[in-house]
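Listed here are the chains, written in short residue letters.
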Amino acid sequence: MSMIEIRLMLPAEGLDDWGDALLAAGAVSVSIEDQDSATEDEVALYGEPGMPPPAAGWRNNRVSVLLDADLDGAAVLAAAAASLGADVPPLLSQQPVPDCDWVRQTQSQFAPVRIGSAGRVWIVPSWHEPPDPQACNIRIDPGVAFGTGTHPTTRLCLGWIDANLVPGATVLDYGCGSGILSICAARLGARAVVGVDIDAQALITARDNAARNGVDAQYTAPEGIVAAPGVAPVFDLVVANILANPIMLLAPTLLHHLAHTGTLLLSGILERQAGDVMAAFAAADPRLRLEVAGQDEGWVALAGRRAA
């Protein structure tokens, strides 16, 4: 299907109404980006638990609208404005969209990725053959759950697990997303792995990925790892790749599930946040001393073993 793309700028006020009106006027899709992205004026829309709420919307919204090629962009825009009783915003551009195989185009963006200095682990999408059939090849496709091996925080955790996991260890992956970290641990010799997430869809995805990779793992909501009232299982390695503030809020829970001399691995932490996270865990458990275990594109992983 031949298509055209029109672009315009819209204010934050009434943005949802504009999107609905454009779709009603014939648009196939409407996407919105921050015009100030990657500048000092960039506005964050998504906050973290424990932090002040972010702004309600971007100041300058760059809107891209896809239309069938037989429609006129200016006419669609005028119809949407009329339905809202609003002035017609300036049409910044209108251009054809080249025909392509969108599935193949998307797949081309995800190639096999080799992880860590040890180099034993490859993340391989299902449409690729493993570059090294003898390696630990983990089959993960892009999907609705976080963790495909491409984000720096995931790479940091995978690299640490590849280099440091003790065969036979028990592993808890708290905030498991796609299940990639627990799957990697199981493939590298962990005796038992448990993944925890508050997102029901993530748990479904993790179970599917574990089955695809031949891994026997348990994936559950947080309350599912409690063996009995007031009693929780403990693990040799507890991993949490989330964000700094949730990790600090979860410190009592993560430490509760950490074995007497277990190891904690944390990521999703910006370099400037590392000191705060280390201080929070030192205060919660003086026997645990976290250190920076790796850095990647401004993110860090922290790891430490609880002293006897």
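Here's a quick rundown of the structure. (Residues numbered from 1 in each chain as written. Predicted model: local features only at pLDDT ≥ 70, side-chain atom pairs only at ≥ 80, totals over all residues. Heavy atoms only, no water.)

### Let's talk about the overall build of the protein chain
(1) Moving on: Along its length, the protein chain carries nine helices and 14 strands.
(2) Moving on: The 308 residues of the protein chain split such that 43% are buried.
(3) Moving on: Across the protein chain, the fraction of contacts at a sequence separation of at least 24, relative to all contacts at a separation of at least 6, is 64%.
(4) Moving on: Working note: accessible area of the protein chain is about 15,600 Å², and carbon and sulfur atoms make up 53% of it. (Helix = DSSP H or I, 4+ residues; strand = E, 2+ residues; numbered from the N terminus. Buried < 20%, exposed > 50% of the residue type's maximum accessible area, 1.4 Å probe, protein only. Contact = heavy atoms within 4.5 Å. Areas by Shrake-Rupley, 256 points an atom, 1.4 Å probe, with all protein chains shown as cover.)

### Here's the deal with the environment of S93
(1) Moving on: Counting through the fold element by element, S93 comes out in strand β4 (residues 91–97).
(2) Moving on: Sequence-wise, S93 and L8 are 85 residues apart; in three dimensions their C-alpha atoms are separated by 7.3 Å.
(3) Moving on: Not counting residues within four places of it along the chain, the set of residues in contact with S93 comprises E5, I6 and R7.

### Observations regarding the pattern of salt bridges
(1) Moving on: Here the structure, examined in full by the defined rule, presents seven salt bridges.
(2) Moving on: Two residues, R155 and E297, come together in a salt bridge whose shortest N-O distance is 3.3 Å. You can see R155 sitting in helix α4 (residues 152–164) and its partner E297 sitting in the loop between β13 (291–296) and β14 (299–305), a full 142 residues away along the chain.
(3) Moving on: By sharing partners, the salt bridges in this structure join R155, D296 and E297 into a single network. (Salt bridge = Lys/Arg side-chain N within 4 Å of Asp/Glu carboxyl O.)

### Looking at the side chain of D197
(1) Moving on: By the element assignment, D197 lies in the loop between β9 (192–196) and α6 (200–212).
(2) Moving on: Within the buried set, D197 has no salt-bridge partner at all; the shortest N-O distance to an opposite charge, 11 Å, is to R207.
(3) Moving on: Within polar-contact distance, the side chain of D197 engages the backbone nitrogen of D199 at 2.9 Å.
(4) Moving on: When sequence neighbours within four positions are dropped, the list of residues in contact with D197 reads G175, C176, G177, A202, L203, T220, A221 and P222. (Lys, Arg positive; Asp, Glu negative; His and termini not counted. Polar contact = N/O pair within 3.5 Å; in protein donor to acceptor, adjacent residues only side chain to side chain.)

### A short note on the nonpolar core
Nonpolar side chains in soluble globular proteins generally cluster together in the buried interior.
(1) Moving on: One finds V121, I123, I138, I161, L165, V171 and L265 to be the most contacted residues of the largest nonpolar core, which totals 34 residues.
(2) Moving on: The next biggest cluster of nonpolar side chains, apart from the first, holds 24 residues, and it includes I247, A251, L290 and L302. (Core = buried A, V, L, I, M, F, W, Y, C linked by side-chain atoms within 4.5 Å.)

### Notes on helix α5 (residues 180–187)
(1) Moving on: Within α5, six of the eight residues are buried, which leaves the element mostly enclosed by the surrounding structure.
(2) Moving on: By the burial criterion, the buried members of α5 are I180, L181, S182, I183, C184 and A185.

### Describing the sheet that holds strand β10 (residues 218–220)
(1) Moving on: The strand order β10-β9-β8-β11-β12-β14-β13 describes an open sheet built from seven strands, whose pairing is mixed. Because the sheet does not close on itself, it has two edges, and the strands there are β10 and β13. Recorded for the sheet is a direction-independent mean angle of 15° between the axes of neighbouring strands.
(2) Moving on: Both strand β8 (residues 170–174) and strand β11 (residues 235–241) contribute to a ladder of four bridges, which runs parallel. Paired with D173 across the bridge in β11 is V239. (Pairing = 2+ DSSP bridges. Axes fitted to C-alpha atoms, helices over the stretch in contact; angles between N-to-C directions.)

### Notes on the pairing of β9
(1) Moving on: Burial runs high along β9: four of the five residues are buried.
(2) Moving on: Running through α5, the crossover from β8 to the neighbouring parallel element β9 is right-handed.
(3) Moving on: Taken together, the three bridges between β9 and β10 define a ladder with parallel strand orientation. Looking at β10, one finds that V196 is bridged to T220.
(4) Moving on: Note that the unit made of β9, α6 and β10 has a crossover that is right-handed. (Right-handed = clockwise from strand over helix to strand, strands pointing away.)

### As for the packing of α4 against α5
(1) Moving on: Where α4 contacts α5, the two axes come as close as 10 Å, and the packing angle between them is 15°. When the axis of α4 is compared with that of α5, the two are roughly parallel. Seen along the crossing, α4 lies across α5 with a hand that is right-handed. On the side of α4, the interface is formed by T154, C157, L158 and I161, while α5 contributes I180, L181, C184 and A185.
(2) Moving on: In terms of residue class, the contact of α4 with α5 is built from seven nonpolar, one polar and no charged. (Parallel < 35°, antiparallel > 145°, perpendicular 65-115°, else oblique. Left-handed = near helix turned anticlockwise from the far one by under 90°. Nonpolar A, V, L, I, M, F, W, Y, C, P; charged D, E, K, R; others polar.)

### Let's talk about the environment of I32
(1) Moving on: Along the chain, I32 turns up in strand β2 (residues 29–34).
(2) Moving on: For the pair formed by I32 and L15, sequence separation is 17 residues and the distance between their alpha carbons is 9.2 Å.
(3) Moving on: Among residues more than four places away in sequence, those in contact with I32 are L15, W58, N61, R62 and V63.

### Quick word on the sheet that holds strand β7 (residues 136–139)
(1) Moving on: An order of β5-β6-β7 is seen for the three strands of this open sheet, with the pairing classed as mixed. Pairing within the sheet leaves two strands with one partner each, and these edge strands are β5 (113–115) and β7. Within the sheet, the average angular offset between the axes of one strand and its neighbour, ignoring direction, is 25°.
(2) Moving on: For strand β6 (residues 121–124) and β7, the ladder comprises four bridges, and the chain directions are parallel. Bridge pairing in β7 places V121 opposite C136.

Function cannot be read off these values alone, since they describe shape.
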